[in-house]
Every structure is written in structure tokens, then in C-alpha cells.
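Descriptive structure summary
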Amino acid sequence: MTTQHTPDALARHFEEQRGQLRGLAYRMLGSLNDADDAVQEAWLRLSRSDADGIDNLAAWLRTVVSRICLDMLRSRTARREEFVGHLPEHVWDEGDGASPESEAVLVESVGRALLVVLGTLSPAERVAFVLHDLFAVPFGEIAPIVERTEATTKKLASRARRRIQGAPTLPTEELDHQRHVVDAFLTAARDGDLNALLAVLAPDVVRHADPITLPAGAPAQSHGADTVARETVLLRRNARFAATALLDGRVGLVVAPRGRLLLALAVTVEGDRVATYEVIADPERLAELEVAVLDNAS
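Attention in this report is confined to the structure presented alongside it. (Residues numbered from 1 in each chain as written. Predicted model: local features only at pLDDT ≥ 70, side-chain atom pairs only at ≥ 80, totals over all residues. Heavy atoms only, no water.)

1. Re the pairing of strand 6 (residues 273-280)
Relative to strand 6, strand 1 (residues 201-209) runs parallel, the two sharing 5 bridges. The residue of strand 6 that forms the bridge with valine 206 is threonine 276. Linking strand 5 (residues 263-270) back to strand 6 in an antiparallel pair, the connection comprises 2 residues, with glycine 271 at a positive phi of about 65 degrees. (Pairing = 2+ DSSP bridges. Helix = DSSP H or I, 4+ residues; strand = E, 2+ residues; numbered from the N terminus.)

Here you go:
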């Protein structure tokens, strides 16, 4: 039986689905502007289609948005983020017109670390993982979208899942302990709390940093809790965009405005304190890092 859809009813149904479609597209594309473009294109295709022949509009729209996102991912030219110093004061002006408030909500709901890792996947892996693991779409429905067999689609999602989960190099108990210390360090940095930083930094802590993260003439290393804590307080605004993550199997931090990796902090914990941390910003070094998601990471 053919379903009849008046133009007004079609528009109402689309608006009911817009939020979920936007969330789906954002997880696939990592950009709110691109996600909105994909959703708008889906509406244009719907308005030009024979909607009366569509029995399940929600599933049809999800499929169309997914295919649009896959095409956008495939057509993106590979380019590296150029980082030439501290994050700009108005980080939201970096080429993406989305409002900071709307995108910040999405970033936090998805997780900065997850968005970073999603960005390392192939287009087909990313689409398969997002649809199956995040939106519970059956593999049988995903396979035609990514133009693979159902068995191959399962393998795509499995590879993505292994990348996202990573391979911790430490026992769970030690990993949890490291995370507790790193979380305390991040909280103190976000709050600009000098006393809390002094409490979590070892007295002889050493901070290393790639030169491009430092003002001209600043040393690549700093020594001692007082010096390092005061430096960290000055970088408080960068900490707003940070989240815990696995870096090469150990707990560290990623600084990722809009989910785009700009900095990584490789942290060494000894006892209950941070003994060293290294700020990595060189694009080649960042590309070599294996970034993965910690369960319930911020």
C-alpha cells in the first residue's frame, strides 16, 4: 500500500528527524557545518523524490544522509592542521562558521577523544562504526551504503572498534590509577588552580614541549613543580578543549577543539603525581601517535 505524504506532512516529518540526522552526520563528519550541509542536502533530495513511494521515511533519510556523508568523506582532500603556537584566543574562528555553543554541546556529547579517533578511520570504517555501534543500525542495512557485503561491513566496524578501543600497555588497576592522577591534573589546569597543580605535580617534575607550542625564546624544558604549575595556569584556556585518552597505550591528554587534534600531552605518572609531561604538536609526531578512547573518557 502506497503511503500518501502531503508537502506539509513531509516537512513536519523531516523536522522531527532533523536532530537525529544532524547528530548522525556530525559523528561521521566531525564538523557541524558539514553535518548541516549533509542534512540540508537530504531534505533537497527528499523534496525532489517521489515521497509517496517511501514506506519508512526515517530509515530512508538515515540512509541518504549516510551516503551523502560517505561521499563527503571520500572527497575530502588530505590536509594537515597547521599549528603555529598557542591555540588562538577565539578558536571558533578557525574556518568553521558553526557557533561555539552548538558545537561545544555536540563535542561533549560525543567525546573529544572519540572524535579524534574517528577522524583516523577510513570513510567506510567510520560510516560502518557510527551506524552500527552508535546508532544500532543492522549490518544488512549498512552494507549497501558502504557498497560492501554484509560480512565485509562487519569487518569494517570491527577494525574501527579495535582502533577506537586501543591496546592498553598496562594492567587495568594501574591504568585506572594513572587516569585518576591525569584527571586531577586536567581538572586543576582547567580551573587554573595553582595549589591543586602543585599537589599533583612531583617536586622535580619536568615539562617538555615541541618548540612550535612555545613563545619565541622559551626553553623546550621546564623543571620543578612551581615553574611547571605556573606555566600550566597560563595555558588554562587550552585545557578547556582537553580530554583524557590512551596515547600509545598509556593515559594522556588530547587537546582537540571541535574534535580536531592540535596537541597531545604524553604524561608519566610516578606514585600519585605527574613526574613528566610532554606537549606534542608537531604534525608528523601527532600522526604517529596511536590515540584511543578510555571508557567514559571526558
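2. Quick notes on the environment of glutamine 221
On the secondary structure map, glutamine 221 appears in strand 2 (residues 221-223). A relative accessible area of 37% places glutamine 221 in the partly exposed class. Between the C-alpha atoms of glutamine 221 and glutamate 278, which are 57 residues apart in sequence, the distance is 9.1 Å. Glutamine 221 has contacts with Val206, Arg207 and His208, leaving out every residue within four places of it along the chain. Of note is the side chain of glutamine 221, whose polar atom sits 3.1 Å from the side chain of histidine 208. Within polar-contact distance, the side chain of glutamine 221 engages the side chain of histidine 223 at 3.2 Å. (Buried < 20%, exposed > 50% of the residue type's maximum accessible area, 1.4 Å probe, protein only. Contact = heavy atoms within 4.5 Å. Polar contact = N/O pair within 3.5 Å; in protein donor to acceptor, adjacent residues only side chain to side chain.)

3. Points about the sheet that holds strand 7 (residues 291-292)
Paired through their backbone hydrogen bonds, the strands of a sheet run either parallel or antiparallel. In spatial order, the strands read 2-1-6-5-4-3-7; together these 7 strands make up an open sheet with mixed pairing. Edge positions in the sheet fall to strand 2 and strand 7, since each has one partner strand and no second. Sheet analysis places strand 5 next to strand 6, joined by 7 bridges and oriented antiparallel. In the sheet register, alanine 266 faces strand 6, and the bridge partner there is glutamate 278.

4. Thoughts on the side chain of serine 66
With respect to the helices, strands and loops of the structure, serine 66 is situated in helix 3 (residues 57-75). On the accessibility criterion, serine 66 (0% relative accessible area) is buried. Apart from residues no more than four positions distant in its own chain, serine 66 is found in contact with Leu24, Met28, Leu131 and Ile145.

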